[in-house]
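Per-entry structural report
Each chain is listed here by its residues.
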Amino acid sequence: MIMQPAVIALFVGSILATYMVLYAAWYGVSILRNWDLQDGSELQLNLERKTYLISTIMSYAFVFQLLSLFLFIYTADRLSSIFVGAMCAAGTLNVNGFGYPTMLFKILNFLLGGVWLILNNTDNRAVDYPLIKIKYLFLLIITPFIFAEMIIQGTYFLNLKPDIITSCCGSLFSPESTGIGAGLTALPVIPMKIIFYSVMIITLISGFYFFLKSSAANGLFFSIMTLVAFVVSIAALISFISLYFYELPTHHCPFCILQKEYHYIGYLIYITILGGTVTGAGIGILMPFRQKESLYEIIPGIQKRLTIVTLILYFIFTVTTICAILLTDFKLDGY
């Protein structure tokens, strides 16, 4: 294991966050089985007191999960100077077989943790905690993924050896290579541009329409479109967007844009994509509970605020990509 401060922070932080999630899940089982707000028993009173503590613990745990994704990517990028062949985070993550799985689990837990925080915040605004069993059931679903991330990340860090030779991003994200990354680099540019901008336009228009007319159908469609936009944005970033930042027709790496020479623009891109996806998914996850009596006047306001945040984030991302294409002399296939 490489004893860097960031590595130690991620390693220890993941253990602590997992412990907090397991602690909360343990009491979550009791809440699912015994919660009854009409019951005045000692057990119910204890559960009510515990839920305040658990909500606070989980807020800290999931906020760490959100931040740890970017700390992990930053750390992987910084460690690239240690390994022969690595030029950015792409090479560091390829040092052993646990780097990319760790990143995928972190992205998944970022999205799940963000949605749980939205559910928790909504539930805490109502006097009768109408979503308490829903959010703790959701917590039990998330818990195995948090635990798996801790194990895989720990295995990745423990098997980092400075004498390992790894691959650079040029070989990993190349049409001649194999894997998902290589497949995305081989996607035809013009169709990908059409798909990407069509999806982003539909997403932004549907969000604006939902803000004006907040019907359930509009909200669900907008929420689904944010998830589609997330997938398409990642594919487009590797397929053609990154090429305009690098001004090279063969450099498809999604990690080099995190570096200083590209003004750390990658962090803005990933924050807007991931943040917009979390808030967009939150709109959809709240939709089935709009008719609950204690949430009838609460959820529409929360959804409107989530819509504004989602629109702003995806708009920033879209404008950033357009500026990257327009403010350069680099041309790709004549476009």
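Higher on the page you've got the structure.
With respect to a nonpolar patch on the surface
- There is a patch of nonpolar side chains on the surface, built from Leu268, Ile308, Ile312, Phe315, Ile316 and Val319 and spanning about 470 Å² of accessible area.
- At five residues, the largest contribution of residues to the nonpolar patch is made by helix H11 (residues 299-326).
- By the secondary structure assignment, Leu268 is in helix H10 (residues 265-286).

A word on the environment of Thr310
- For Thr310, the position within the fold is in helix H11.
- Considering only alpha carbons, one finds Thr310 and Ile325, 15 residues apart in sequence, at a separation of 23 Å.

Things to note about the environment of Leu111
- Tracing the sequence through the fold places Leu111 in helix H4 (residues 99-124).
- The class of Leu111 is buried, set by a relative accessible area of 18%.
- For the pair formed by Leu111 and Thr279, sequence separation is 168 residues and the distance between their alpha carbons is 9.2 Å.
- Those residues in contact with Leu111 that sit more than four places away from it in its chain are Phe230, Leu274, Thr277 and Val278.

Quick look at the packing of aromatic side chains
- Tallied over the entire structure, the rule returns 16 aromatic pairs.
- For the pair Phe196 and Phe240, a centre-to-centre distance of 6.0 Å together with 75 degrees between the ring planes defines the contact as edge-to-face. Within this pair, whereas Phe196 is found in helix H8 (residues 189-212), its partner Phe240 is found in helix H9 (residues 216-246), the two being separated by 44 residues in sequence. With respect to burial, Phe196 and Phe240 carry one shared label: buried.
- Considering the side-chain rings of Tyr264 and Tyr267, the 6.5 Å spacing of their centres and the 45 degrees angle between planes classify their relative orientation as tilted.
- Taken together through their ring pairs, the aromatic side chains of Phe196, Tyr197, Phe240 and Phe317 make up a single cluster.
- Over the aromatic face of Phe211 sits the side chain of Lys304, whose NZ or CZ is 4.6 Å from the ring centroid.

Criteria and cut-off values
- Residues numbered from 1 in each chain as written.
- Predicted model: local features only at pLDDT ≥ 70, side-chain atom pairs only at ≥ 80, totals over all residues.
- Heavy atoms only, no water.
- Patch = residues over 30% accessible without salt bridge, like charges linked within 9 Å, V, L, I, M, F, W, Y side chains within 5 Å.
- Areas by Shrake-Rupley, 256 points an atom, 1.4 Å probe, with all protein chains shown as cover.
- Salt bridge = Lys/Arg side-chain N within 4 Å of Asp/Glu carboxyl O.
- Helix = DSSP H or I, 4+ residues; strand = E, 2+ residues; numbered from the N terminus.
- Buried < 20%, exposed > 50% of the residue type's maximum accessible area, 1.4 Å probe, protein only.
- Contact = heavy atoms within 4.5 Å.
- Phe/Tyr/Trp six-rings, centres within 6.5 Å; stacked < 30°, edge-to-face > 60°.
- Lys NZ or Arg CZ within 6 Å of the ring centre and 35° of its normal.

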